[in-house]
Amino acid sequence: MKTFSIETLGCRVNHYESQQIAQLLRTRGLIETDAPSADLRVVHTCSVTMHAARESRQSVRRAVRLPLLQQRPDFSASHQPACASALSHSHSTSVESNQPTGSASVGSPKHTAMEPTFSRSRVLVTGCWATSDQTSAQAIPGVSAVLGHHQNMAMELDRLITAWQLEDARPAKDLRLVPLDEPPSAYEAKDILTASGPVPMDDEKDNKWMIQAGAPAGLRTTGIKPSAALQVNQNLVESARFSIGLADLPGTTSLPVLSTHQTGLQRAVLKVQDGCDAHCTYCIIPQLRPRLWSKLIDQAVEEAKALVAAGHCEIVLTGIFLGAYGQATALRRRQGASDTSLAHLVEALCTRVTGLRRLRLSSIEPGDLTADLLAVLSSHHQVMPHFHLPLQSGSDLILRRMNRQYSRDDFLRMVERVRKAFDRPALTTDVVVGFPGEDDAEFEQTVDLVKAAGFIHVHAFPYSPRPGTAAARWTDQFVHGPVVGERLHRLQEISLDQSLLFRRQFLDQEVEIVVERERPGDSTEVQGRHGRCERYFDVWLDESAPLRTGQVARVRITNVTSQRTFARCV
């Protein structure tokens, strides 16, 4: 095992954890590459909604269906390790014909030193879906192991890598070909392969996934013994089952802090908090991440210094419930005084991290945006005038049904405090549309609040019943799809109008951007460099500029349209 890839679904916390997993794998000598050529494919999943869970499952399916890896014949037979893939015994490829022979065996004249061999990638499923639907994830043929939040992620991941490396060092055993209609054993159902990749088993719920083209007709290739990876994973499940309690398990908090540039990101994500016990009625997260944890200020400062040294000039603080940083609970009525608060953390980062130009908070709620925190935020130039304030609903009745810890008036007062503390702050939000029982009058209250707050972006999404949550049981109050669609469209139109009005304020003014990667586009998309300004909206340069990705640049806004903001270098 030499290479790995990671596919990430979900929030900033998940993206941060993927970076942590990648760093741990690099310490074990693995090199990051693309999924088709990776020996280990990690899928870090999301499960916050049923749609997210479905996407996670599909991503895992795609990972196990990728073609088998071809090992380059860059060494002689005399130096070929004993751990050469067992699949080469039954599915080798002829150099002359480049076609599967399907009959080569060890010692066969056709199996030469220059002949490529094939092996399967291991697929590791991690993240929230791996925690909420562990049994379903384990049941997908081709999945090597599943690690959830209720385990010691770093220790178990290290244990898996060790087990796989030991497995690869053992002499390969012959494989046997059996008809597809022969019932597989319990372990064989986890380990089914063909020459073109793992083959999913027949599954009515997944519309009977088709065997990939190129697979030998009527055959599947399976090992004689269950793999070490499966045995380890079974042990992990048993250890979690007999644990003394979920709150005692370190989960993702055991993963290493980051010290290198975060792959593909210009704004580094710094996770400083994990866990939630607020139990909003639509949310599954408290069941997946029940243990609240906060990173020590000194540790966060050292990590921020490393990220800045690695080339990041902007950091986004994130957590599952960021406002509960330094607290043992997210329930504000149970919180007490703490020597470690979000205000203390921001103060330390802004005063102790040399070279940090920008600092943002991922999201904050009314009860968490205290006078002390606002005073600290507004006193440091590194803090950007952009705040994501999750609303969810503008109706007090719906907010109570959601078990949110604020009222409509609380939210409006928070918006007013932010506007007084910052010059023209950019505000963004989340809104759940069609929550059970939401009628036209309650939706209109949401519309009124969205307009009053002047959000420049509204992430409006339809309510998705998540099994295991209270709201999912209120089936008699579900809102019909066409109504939800109309409400979503209306909020999107309001958001676009408010964004245009907000951005027009800065016409012919200078802003500072951090240059992003160029986006691939089609013939209808304007090409060019772009970057995020202080107030987070995207700014596109309308001329060719010698700017590199990650560079900070001063630009003057020259044109504002309903979709984009254009500027030229100063």
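Residues numbered from 1 in each chain as written. Predicted model: local features only at pLDDT ≥ 70, side-chain atom pairs only at ≥ 80, totals over all residues. Heavy atoms only, no water.

**Student:** What should I look at first to understand the packing of helix α9 (residues 342-352) against helix α10 (residues 371-379) in this one?
**Tutor:** Two numbers describe how α9 lies on α10: the axes approach to 9 Å, and their chain directions differ by 15°. One finds that α9 runs roughly parallel with respect to α10. Our pair here, α9 against α10, has a crossing hand that is left-handed. Residue-level contacts link L342, A343, V346 and E347 of α9 to D372, L373, V376 and L377 of α10. (Axes fitted to C-alpha atoms, helices over the stretch in contact; angles between N-to-C directions. Helix = DSSP H or I, 4+ residues; strand = E, 2+ residues; numbered from the N terminus. Parallel < 35°, antiparallel > 145°, perpendicular 65-115°, else oblique. Left-handed = near helix turned anticlockwise from the far one by under 90°. Contact = heavy atoms within 4.5 Å.)

**Student:** Would you mind going over the packing of aromatic side chains with me for this structure?
**Tutor:** In this description, a pair of aromatic rings is defined by centroid distance and the angle of the planes. By the definition in use, this model includes ten aromatic pairs. Arranged with centres 6.1 Å apart and planes meeting at 45°, the rings of Y406 and F411 form a pair that is tilted. The class of Y406 is buried, set by a relative accessible area of 6%. Since its relative accessible area comes to 1%, F411 is described here as buried. By the ring-pair criterion, three or more aromatic residues cluster together here, those being Y282, F435, Y463, W474 and F478. Note that R532 overlies the ring of Y536, its terminal NZ or CZ placed 4.5 Å from the centroid. (Phe/Tyr/Trp six-rings, centres within 6.5 Å; stacked < 30°, edge-to-face > 60°. Buried < 20%, exposed > 50% of the residue type's maximum accessible area, 1.4 Å probe, protein only. Lys NZ or Arg CZ within 6 Å of the ring centre and 35° of its normal.)

**Student:** Explanation requested: helix α2 (residues 50-65) in the structure shown.
**Tutor:** With 16 residues, α2 should reach 22 Å at 1.5 Å per residue; the first-to-last C-alpha distance of 23 Å fits that figure. Along α2, the residues that are buried comprise A52, A53, S56, R57, S59, V60, R61, A63 and V64. (Expected span 1.5 Å × (residues − 1).)

**Student:** Is there a simple way to think about the pairing of strand β12 (residues 267-274) in this case?
**Tutor:** Walk down a regular strand and you will see the side chains alternate between the two sheet faces. β12 sits mainly inside the fold: eight of its eight residues count as buried. Across two bridges, β12 lies against strand β13 (residues 293-294) in antiparallel orientation. Bridging from a neighbouring strand, Q273 pairs with S294 of β13. (Pairing = 2+ DSSP bridges.)

**Student:** So what exactly am I meant to see when it comes to the pattern of salt bridges here?
**Tutor:** It is possible for side chains of opposite charge to pair when their charged atoms get near one another. Counted under the stated rule, the structure contains 31 salt bridges. As a salt-bridge pair, E17 and R289 come within 2.8 Å of each other at their nearest N and O atoms. Remark: R289 occurs in the loop between α7 (285-288) and β13 and E17 occurs in helix α1 (residues 12-27); sequence separation between them is 272 residues. Here the two residues E17 and R289 agree in accessibility, since each one is buried. (Salt bridge = Lys/Arg side-chain N within 4 Å of Asp/Glu carboxyl O.)

**Student:** How should I be thinking about the sheet that holds strand β7 (residues 143-146) in this particular structure?
**Tutor:** Strand pairing in a sheet takes place through backbone hydrogen bonds and is either antiparallel or parallel in direction. Within the open sheet, the five strands sit side by side as β2-β1-β3-β6-β7. Their pairing is parallel. This sheet does not close on itself; its edge strands, each paired only once, are β2 (31-32) and β7. In the sheet, strand β1 (residues 3-8) pairs with strand β3 (residues 40-45) via five bridges, with the strands oriented parallel. Bridge assignment links I6 to a residue of β3, and that residue is V42. Contacts from α2 reach β1, β3, β6 (122-127) and β7, with the element oriented near 175° to β3. Packed on one face of the sheet, helix α5 (residues 153-169) meets β3, β6 and β7 and runs near 175° to β6.

**Student:** Honestly, the sheet that holds β12 in this entry has me stumped. Any pointers?
**Tutor:** Read across the sheet, four strands follow the order β13-β12-β14-β15 without closing on themselves; strand pairing throughout is mixed. Of all strands in the sheet, those with a lone pairing partner are β13 and β15 (358-361), marking the two edges. For strand β14 (residues 314-319) and β15, the ladder comprises four bridges, and the chain directions are parallel. Within the sheet, the bridge partner assigned to L317 lies in β15 and is L361. Lying over the sheet, α1 contacts β12 and β14, oriented at roughly 100° with respect to β12.

**Student:** So what exactly am I meant to see when it comes to the pairing of β6 here?
**Tutor:** In terms of burial, β6 is largely enclosed, as six of its six residues are buried. One ladder, built from six bridges, connects β3 with β6; its direction is parallel. Paired with L40 across the bridge in β6 is R122. Inspection of the sheet shows β6 paired to β7 by three bridges, in the parallel sense. Within the sheet, the bridge partner assigned to V125 lies in β7 and is V146.

**Student:** What's the story with the nonpolar core in this structure? I'm lost.
**Tutor:** Burial of nonpolar side chains together is a common tendency in soluble globular proteins. The biggest cluster of nonpolar side chains holds 59 residues, and the ones touching the most others in it are I315 and L317. For this core, the leading source of residues is α9, giving seven residues. Excluding residues that lie within four positions of it along the chain, I315 makes contacts with A268, L270, A304, L307, V308, L356, R358, L359 and R360. If you look at the next biggest cluster of nonpolar residues, it comprises 19 residues, including V42, L124, L147 and M153. (Core = buried A, V, L, I, M, F, W, Y, C linked by side-chain atoms within 4.5 Å.)

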